Amino acid sequence: MSDDRLAFVATNDLVALTRGRGLPSADLSVTSGVGWVPADLAINSFGHLVEPNPFGALGDLRLIPDPKTKCAFPLPGGDVDFYLADQTLPDGSPWECCPRTNLKQALARLLADHRLSLTVAFEHEFALLDATDRQAGPGAFTIGGLTAGEPFGSRARRNLNGAGIEWENWLPEYGPGQFEVTVRPSDALRAADAAVLTREIIRESARQEGLRATFAPLLDPNAVGNGVHVHMSLWRDGQQMTFDVSGPAGLSPSASQACAGILTHTSALLAWTAPSRVSFLRLTPHRWSSAGAFVGLHNREALLRVSPMVPGDTVGRTFNIEYRAADATANPHLVLAALVHAMCDGLERAAPIDRVLTGHIDDEVFDPLPPTVDAAHEAFLADEIAQSWFADDLVTTAAAVRRGEEEHLAGLSEAERCRAYAEVL
Ligand code: GLU
Ligand code: MG
């Protein structure tokens, strides 16, 4: 009798949806993987394969599963063996448009050129909707808010544990029906892999309770946003390289230069970290998302918030920099790849950090963020250094996919656009 256990081999795409193929687990080879199609990268958030794209009907790829990512993905009928894959050409060489491969290459650059590695923790916010799309709540950090999310929350945490994802914090957030989950810090590749899984497992856990969980950046233009905050620290040979008591805001020379690189390329970066047609509605002042391109000491309106160390840490192992302008419409591997390349640029130029704010934004002068994702994309195309980070076909496909989304959303109000993303994310 054949074994009916399913293996699902997947990749997270340019709109941060996880797509892949299933096969009998017993048949899976981690060296040859499963077949895949380049134009799959051109499917937008609303399920349309946008044309033109650089690939059309031509080409073949392989999804080569990384055995280290194997985990139990919970389905109602039993667990599935879930793998994240690298996309390769048929001869096994890396495909230049594979988001996960791009992150590996960026991390290799950071290590080779600067002898630095990156530790990362993703912090996700999401909203729980019931079957009639009513948000659970009110809650804002209360036990009532916590229990309004039960038994979904218990199921989600159990499913995360079952998949080997070490969640560190779970809380009822400020918005109605809004929750936040943070996963323990780990090496950057593993953190991005876990971010993909976290979103899928939370959405699946909600489905299993007859609910919907959405990571859409906003459910309404006036609502509290769902952010993705990326906590990062630099390491060399097991020593933290982020904190220095005498540096600006406690940043070490390496961390200062890395932050300066991010500030230099902020506009271009945003095209990759907040890429949807509604992402920029969230990036405005007084939403505690990110209001401007500056480093802020403990400031929740900063692009880069310097997080304090926890009590008892005298050497800075818990000190980290939080990038706050990402959302879950962005592929986590590409978010980190873009951030790492920007950091490498700052490190290469030993760039000085010139925008550290210690007060409220209303009392300080700072550079605003670009007003729209189109402005961010233009900035990316005008930034020669940023353009060298990614292959032309990847950039062209990302632009085509989002253009297709704009066509899909044409004529809709901002509120309707927010809801359209909430339906699919
Ligand atoms: N909801 C805020 C955002 O859109 C973040 C609030 C916080 O956790 O500081 O990013
Ligand atoms: Mg939060």
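Here's what I pulled together on the structure shown here. (Residues numbered from 1 in each chain as written. Chains lettered and ligands numbered in written order. Predicted model: local features only at pLDDT ≥ 70, side-chain atom pairs only at ≥ 80, totals over all residues. Heavy atoms only, no water.)

So, the site of ligand 1
The criterion, for reference: Being near a molecule or strand, for a residue, means having at least one of its heavy atoms within 4 Å of it. Between N or O atoms, a polar contact is any pair within 3.5 Å; within protein, one atom must be a potential hydrogen donor and the other a potential acceptor, and residues adjacent in sequence are included only when both atoms are from side chains. Exposure was quantified through the Shrake-Rupley algorithm and a 1.4 Å probe, taking into account, for residues, occlusion by the shown protein chains and nothing else. For this scheme, ten residues count as nonpolar: Ala, Val, Leu, Ile, Met, Phe, Trp, Tyr, Cys and Pro. Four count as charged, namely Asp, Glu, Lys and Arg, and the remainder, Gly too, count as polar.
In the vicinity of ligand 1, 13 residues are found, and the nearest of them are Glu-125, Gly-225, His-229, Arg-282 and Arg-324. Here Gly-225 contributes a backbone N or O atom positioned 3.0 Å from a nitrogen atom of ligand 1. Between ligand 1 and the protein, one listed contact pairs an oxygen atom with a side-chain N or O atom of Arg-282 at 2.8 Å. The fraction of the free accessible surface of ligand 1 (300 Å²) that becomes covered by protein chains is 93%. In terms of residue class, the shell around ligand 1 is built from 1 nonpolar, 4 polar and 8 charged.

Details of the nonpolar core
Soluble, globular proteins show a tendency: their nonpolar side chains are buried together. Quick note on the threshold: We define a nonpolar core as any set of buried Ala, Val, Leu, Ile, Met, Phe, Trp, Tyr and Cys residues linked to one another through side-chain atoms lying within 4.5 Å. Throughout this description, buried means an accessible area under 20% of the type-specific maximum (1.4 Å probe, protein chains only), exposed means over 50%, and partly exposed covers the range between. Working rule for contacts: check all heavy atoms of both residues, and any pair within 4.5 Å makes them a contact.
Counting 107 residues, the largest nonpolar core has Leu-118, Val-230, Ile-262, Trp-272, Tyr-323 and Phe-390 as its most contacted members. When neighbours within four sequence positions are excluded, Phe-390 is seen to be in contact with Asn-102, Trp-272, Leu-334, Ala-337, Ala-338, Phe-380 and Val-395. Counting 20 residues, the second largest nonpolar core, distinct from the first, contains Ala-400, Val-401, Cys-418 and Leu-425.

What to know about the packing of aromatic side chains
The line we're drawing: Working definition: rings of Phe, Tyr and Trp (its six-membered ring) pair if their centres are within 6.5 Å, and the pair is stacked with planes under 30 degrees apart, edge-to-face with planes over 60 apart, and tilted otherwise. Strands here mean DSSP runs of E at least two residues long; helices mean DSSP runs of H or I at least four residues long; both are numbered from the N terminus. Our definition puts a charge over a ring when NZ of Lys or CZ of Arg is within 6 Å of the ring centre and also within 35 degrees of the ring normal.
Enumeration over the complete set of coordinates arrives at 14 aromatic pairs. Measuring from ring centre to ring centre gives 5.6 Å for Trp-272 and Phe-380, while their planes differ by 75 degrees; the resulting arrangement is edge-to-face. Here the residue Trp-272 occupies a position in helix α6 (residues 266-273), and Phe-380 occupies one in helix α9 (residues 373-382), the gap between them amounting to 108 residues. Here Phe-380 falls in the buried class, since its relative accessible area comes to 1%. Chaining the aromatic ring pairs together yields one cluster made of Phe-126, Phe-152, Trp-170, Phe-179 and Phe-215. Sitting over the ring of Trp-167, Arg-157 keeps its end group 5.9 Å from the ring centre. When the ring centre of Trp-170 is taken as origin, the NZ or CZ atom of Arg-157, which lies over that ring, is 5.2 Å away.

As for the state of the cysteines
We count it as follows: Disulfides are defined in this document as cysteine sulfur pairs within 2.5 Å.
Taken as a whole and judged by the stated rule, the model has 0 disulfides. The cysteine Cys-98 is free of any disulfide, with Cys-97 supplying the nearest cysteine sulfur at 9.1 Å. The class of Cys-98 is buried, set by a relative accessible area of 0%. Residue Cys-344 stays outside any disulfide, its sulfur separated by 13 Å from that of Cys-259, the closest cysteine. Overall, the relative accessible area of 0% leaves Cys-344 in the buried class.

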